[in-house]
Amino acid sequence: AIFERIEFEDNSLPSFQSLWFHWLRSCWVYLTWAQALEQDVSSLLLDRYGWETQNVDLKTIWDSRENIEKVQKAVEFLTRGCKCKSGCSSKRCKCRKKGQVCGPGCRCLDCSNSFYTDHDEEI
């Protein structure tokens, strides 16, 4: 699939590498169309223009593996969450059980496990 639609923001990866791969694919489109009026057309290797071939499958390279993992962790943090009604003070809290603070995706009440909990007590 040379052209793929991105439906969610977490699938669009804004980094230098993603811009680079997009630029390479744009160059491929330009170079392909530049040959439209030529009698002899050369086939451009897709592996050099932001795609990856595996047997007969063609995959778009959206970003480096490192950046994709960073985005996946950020999306997981923003969308995961607990629904505690007891203030997230026990190991029953999914976030506390994983050793994490509650995030924006949590729907807990009177949370005692957030970034701001300790800071608010100091004020």
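What you see is a predicted model, and the numbers here were worked out from it, not measured in a lab.

Enquirer: It is not clear to me how the nonpolar core should be interpreted in this structure. Could you clarify?
Expert: Grouped burial of nonpolar side chains is what soluble globular proteins tend to show. Cys82, Cys84, Cys88, Cys93, Cys95, Cys102, Cys106 and Cys108 together form the largest nonpolar core, which totals eight residues. Not counting the four nearest positions on each side in its chain, Cys82 is found in contact with Cys88, Cys93, Lys94, Cys95, Cys102, Cys106, Arg107 and Cys108. By size, the runner-up hydrophobic cluster in this structure holds five residues, among which are Leu46, Tyr49, Trp51 and Leu58.

Enquirer: For this particular structure, what's the right way to read the packing of aromatic side chains?
Expert: We describe a pair of aromatic rings using the distance from one ring centre to the other and the angle between the two ring planes. Enumeration over the complete set of coordinates arrives at two aromatic pairs. Lying across the ring of Trp62, Arg25 places its NZ or CZ 5.0 Å from the centre.

Enquirer: Would you mind showing me how to read a positive patch on the surface here?
Expert: Residues Lys83, Lys94, Lys98 and Arg107 make up a contiguous surface patch of positive charge. Assignment of secondary structure puts Lys83 in the loop between helix H2 (65–79) and helix H3 (94–97). Judged by its relative accessible area of 57%, Lys83 falls in the exposed class.

Enquirer: Honestly, the pairing of strand S1 (residues 51–54) in this entry has me stumped. Any pointers?
Expert: Along any regular strand the residues' side chains alternate between the sheet's two faces. With four bridges joining them, S1 and strand S2 (residues 57–60) adopt antiparallel strand pairing. Residue pairing for S2: Glu52 is matched across the bridge by Lys59. Here S1 hands over to S2 after two residues, with Asn55 in that stretch at a positive phi of 55°.

Enquirer: Before we go on, may I ask you to explain a nonpolar patch on the surface in this structure?
Expert: On the surface, a cluster of nonpolar side chains totalling about 400 Å² of accessible area is made up of Phe16, Trp20 and Trp23. Mapped onto the elements, Phe16 comes out in helix H1 (residues 16–34). Given the relative accessible area of 61%, Phe16 is considered exposed.

Criteria and cut-off values
- Residues numbered from 1 in each chain as written.
- Predicted model: local features only at pLDDT ≥ 70, side-chain atom pairs only at ≥ 80, totals over all residues.
- Heavy atoms only, no water.
- Core = buried A, V, L, I, M, F, W, Y, C linked by side-chain atoms within 4.5 Å.
- Buried < 20%, exposed > 50% of the residue type's maximum accessible area, 1.4 Å probe, protein only.
- Contact = heavy atoms within 4.5 Å.
- Phe/Tyr/Trp six-rings, centres within 6.5 Å; stacked < 30°, edge-to-face > 60°.
- Lys NZ or Arg CZ within 6 Å of the ring centre and 35° of its normal.
- Patch = residues over 30% accessible without salt bridge, like charges linked within 9 Å, V, L, I, M, F, W, Y side chains within 5 Å.
- Areas by Shrake-Rupley, 256 points an atom, 1.4 Å probe, with all protein chains shown as cover.
- Salt bridge = Lys/Arg side-chain N within 4 Å of Asp/Glu carboxyl O.
- Lys, Arg positive; Asp, Glu negative; His and termini not counted.
- Charge placed at Lys NZ, Arg CZ, Asp CG, Glu CD.
- Helix = DSSP H or I, 4+ residues; strand = E, 2+ residues; numbered from the N terminus.
- Pairing = 2+ DSSP bridges.

No statement about biological role is implied by the geometric values presented.
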